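Chain and residue survey
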Amino acid sequence: MALGVLLQQVGPICETINGVETAASTMTPLHSGISLPKGLRRYFRGTRRLNWELFYALDTVFDLSHDFLEVDASRSVESFLRLKNRFPVLREIYRKFENCEMVVINGEGTYIFTQRPRRDTLFYNFSIALAKRMGKQVCVVNAMFSDEPAIGCNQAVLEQSVQALREADLVTARDSESYAYMRDRLREDRFRYIPDALFTWSNYIEDWKTLLKGKVETFEPFGSETLARVADIDLQRPYIAISGSSAAAREQKAAYEGYKQLVKQLQPLGLPLLLVPTCGGDQFLEDLAEDMKLPSVPLRIPIRIGAAILGKAEVFVSGRFHPSIMASCGGTPCVFLGSNSHKTRSLQRVLEYDGVIEHPAIPDADAHPQIRQQCEALLAEPQRETVSAVAKRLGREALQVVDALTAVRAGS
C-alpha cells in the first residue's frame, strides 16, 4: 500500500500480480509426463501449506511437475511461454506483462536464499527474465537480501538471482545490511539503498492514533465479532504490545510455551499486555490470548487502525519487520526478537538504535528476564521523540524511489 502510493507518482499502475500467484502455497496445476488425478489435484489445491511436504514427495516419486518455475530463470521463461496458452492463469500473467511499459517488483522479504528455493524468489527472477525478453523496463525495489539464519544460503538460487538482478534497470535494497550483502554482486550504477516505503506512513500515523478512543472491541472487523466475553483494554491508557516472529511461526507449540513464559515475565511491569497477531503464523498468540484471558487485536483489523495501535503502545516486543516499522512511525520503541532472516537485526541499525540486541525468535528462559529488563529501561526513559524523528527522516528518504523510477522511465 505504501509503495503503491509512491509508484502512482511515477505513472499509472495498469496491472498487478499479487501473492495469489507468487506465494509458496500457489497451486497452478501444470504437469509434464504424468498428471495427478483430478480429485487429488483438487484436494491439494484446497489444502493449506502444511500438506506441501507430501505434495513435493509425490512430485519426486511420480516425476510430476505442478509448476512452470525452475531455479534457472531462463528455463522458467521457456516453460511459461510453451504452456501459457494452455492455462488461463498463465495467459493472464502474459497479458499483464504485455500491457505495461515497466514492471516494478516489490522485493519485500522474498530474497532469502533458503535451502528449499522459495517460490516467490523463483517467480521474481522469472519476472525479470520475462520482462527483459519482452523488451520491458524492470525494477526491483524495497528488497531484502539474506542468508537463511544458522543454515547459510542456497548457492544455486543466489547465483541465479544475481544473474537475474544484474539485468534489472534498477534494484533498491530496503535496509543497509541487504545493501552490503549485494553491493559487490550487482551493478553499482543500478543498485541503491533506499529505506522501506512503509516509513512514509510516519506522516499519517499520528492522525490515525487520534481515532483510538475506547476499547479494542470498538475496532472489531466484520466477521470477527463474538458474543463471548473477551479480555479488553482501554486504548487511551498505556499498554505494551507483543507480536510474533516469522521464525516462531514454524514451531507453534514451542512458540506458545515461550511466549506464555514471556507474558508472565512482563505482567509484573504493571501495564496491560496487548497481543497483536500480524499474520496466520501468529496463531499461537490467538490461542494464548484465549487461554490466559489476555486482550488481543483481531488478525483482520483494518491495517491503519492496527498501525495506530502499534504506534500508540509504550513498547512493542516483536520479531516482525513491517509491524515494527509501523510502531516506529508512531514513536514506539521496540524490543526485537529474531526472525527468518537478518531483518530485525538490520532494522535496528536503520532506526539508529544505540545497541543491536536481537532476542531469540522463541524467547527462552535466558531471554525472558533480558526482555523484561529492556522493557523496564524503555518505560523508565521513553524514547518516543527520538524514534519518531528517525522514522520521519527515513520516510523522507524513502521518497527517493520516485525519482529513481522516474529516471529509469525517462531512460536516464
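Remember, predicted model here, so these are calculated numbers, not experimental data. (Residues numbered from 1 in each chain as written. Predicted model: local features only at pLDDT ≥ 70, side-chain atom pairs only at ≥ 80, totals over all residues. Heavy atoms only, no water.)

Some remarks on the packing of aromatic side chains
For the coordinates displayed, the defined rule picks out 16 aromatic pairs. For the ring pair Trp-201 and Trp-208, a centre distance of 5.1 Å and an interplane angle of 85 degrees mean the geometry is edge-to-face. Exposure remark for Trp-208: the relative accessible area of 14% places this residue in the buried category. Look at Tyr-204 and Trp-208: their rings are 6.0 Å apart centre to centre, the planes differ by 20 degrees, and that puts the pair in the stacked class. Of the aromatic side chains, those joined through ring pairs into one cluster are Tyr-111, Phe-113, Tyr-124, Phe-145, Tyr-179, Tyr-181 and Phe-191. When the ring centre of Tyr-94 is taken as reference, the NZ or CZ atom of Lys-84 above it lies at 4.3 Å. Positioned above the aromatic ring of Tyr-181, the side-chain terminus of Arg-185 is 4.8 Å from the ring centre. (Phe/Tyr/Trp six-rings, centres within 6.5 Å; stacked < 30°, edge-to-face > 60°. Buried < 20%, exposed > 50% of the residue type's maximum accessible area, 1.4 Å probe, protein only. Lys NZ or Arg CZ within 6 Å of the ring centre and 35° of its normal.)

Looking at the pairing of strand 8 (residues 334-337)
Because side chains alternate across strand 8, one face comprises the buried residues Cys-334 and Phe-336, and the other comprises Val-335 and Leu-337, equally buried. As defined by bridge partners, strand 7 (residues 315-319) adjoins strand 8 across 3 bridges and the pair is classed as parallel. Among the inter-strand pairings, Val-317 is bridged to a residue of strand 8, identified as Val-335. For the crossover from strand 7 across helix 14 (residues 321-329) to strand 8, the handedness is right-handed. Where strand 8 meets strand 9 (residues 358-359), 2 bridges bridge the pair, whose relative direction is parallel. Opposite Leu-337, over in strand 9, you have His-359 as the bridge partner. As for the winding sense of the linkage, the β-α-β connection from strand 8 through helix 15 (residues 343-350) to strand 9 is right-handed. (Helix = DSSP H or I, 4+ residues; strand = E, 2+ residues; numbered from the N terminus. Pairing = 2+ DSSP bridges. Right-handed = clockwise from strand over helix to strand, strands pointing away.)

Thoughts on unusual backbone geometry
Even without being glycine, Asn-142 reaches a positive phi, approximately 60 degrees. Residue placement: Asn-142 occurs in strand 2 (residues 137-147). Of note, the phi angle at Lys-293 is positive, near 55 degrees, even though the residue is not glycine. Following the sequence through the fold, Lys-293 ends up in the loop between helix 12 (283-292) and helix 13 (303-312). For Lys-293, a relative accessible area of 65% translates into the label exposed.

Some thoughts on the nonpolar core
Among the nonpolar cores identified, the biggest contains 54 residues, and Phe-199, Ile-309 and Leu-405 are the most heavily contacted of them. Core analysis: the second largest hydrophobic core is formed by 37 residues, Phe-68, Phe-80, Leu-122 and Phe-126 among them. (Core = buried A, V, L, I, M, F, W, Y, C linked by side-chain atoms within 4.5 Å.)

Description of the confidence of the model for the chain
For the chain, the average pLDDT comes to 89, and 89% of its residues sit at 70 or higher. Within the model, the stretch residues 31-38 combines pLDDT values under 50 with 13 contacts to residues more than four positions away or in other chains. (pLDDT = per-residue confidence, 0-100. Contact = heavy atoms within 4.5 Å.)

Some words on the side chain of Gln-348
With respect to the element layout, Gln-348 can be found in helix 15. A distance of 3.2 Å separates a polar atom in the side chain of Gln-348 from the backbone oxygen of Thr-344. (Polar contact = N/O pair within 3.5 Å; in protein donor to acceptor, adjacent residues only side chain to side chain.)

Quick look at the pairing of strand 3 (residues 170-173)
A two-sided burial pattern is seen for strand 3, the buried positions comprising Leu-170 and Thr-172 on one face and Val-171 and Ala-173 on the other. Bridge count between strand 2 and strand 3: 3 bridges; the pairing is parallel. Bridging from a neighbouring strand, Ala-143 pairs with Ala-173 of strand 3. Tracing the backbone out of strand 2, into helix 8 (residues 155-165) and back to the parallel element strand 3 gives a crossover that is right-handed. For the crossover that starts at strand 3, traverses helix 9 (residues 176-182) and ends in the parallel strand 4 (residues 191-193), the hand is right-handed.

Observations regarding the sheet that holds strand 6 (residues 273-275)
Reading across from one edge, 6-5-7-8-9 is the order of the 5 strands in this open sheet, with parallel pairing throughout. Unpaired on one side and paired on the other, strand 6 and strand 9 mark the two borders of the sheet. Packed on one face of the sheet, helix 11 (residues 252-266) meets strand 5 (240-245), strand 6, strand 7 and strand 8 and runs near 165 degrees to strand 5. Packing of helix 15 onto the sheet brings it into contact with strand 7, strand 8 and strand 9, and relative to strand 8 it is tilted by some 150 degrees. (Axes fitted to C-alpha atoms, helices over the stretch in contact; angles between N-to-C directions.)

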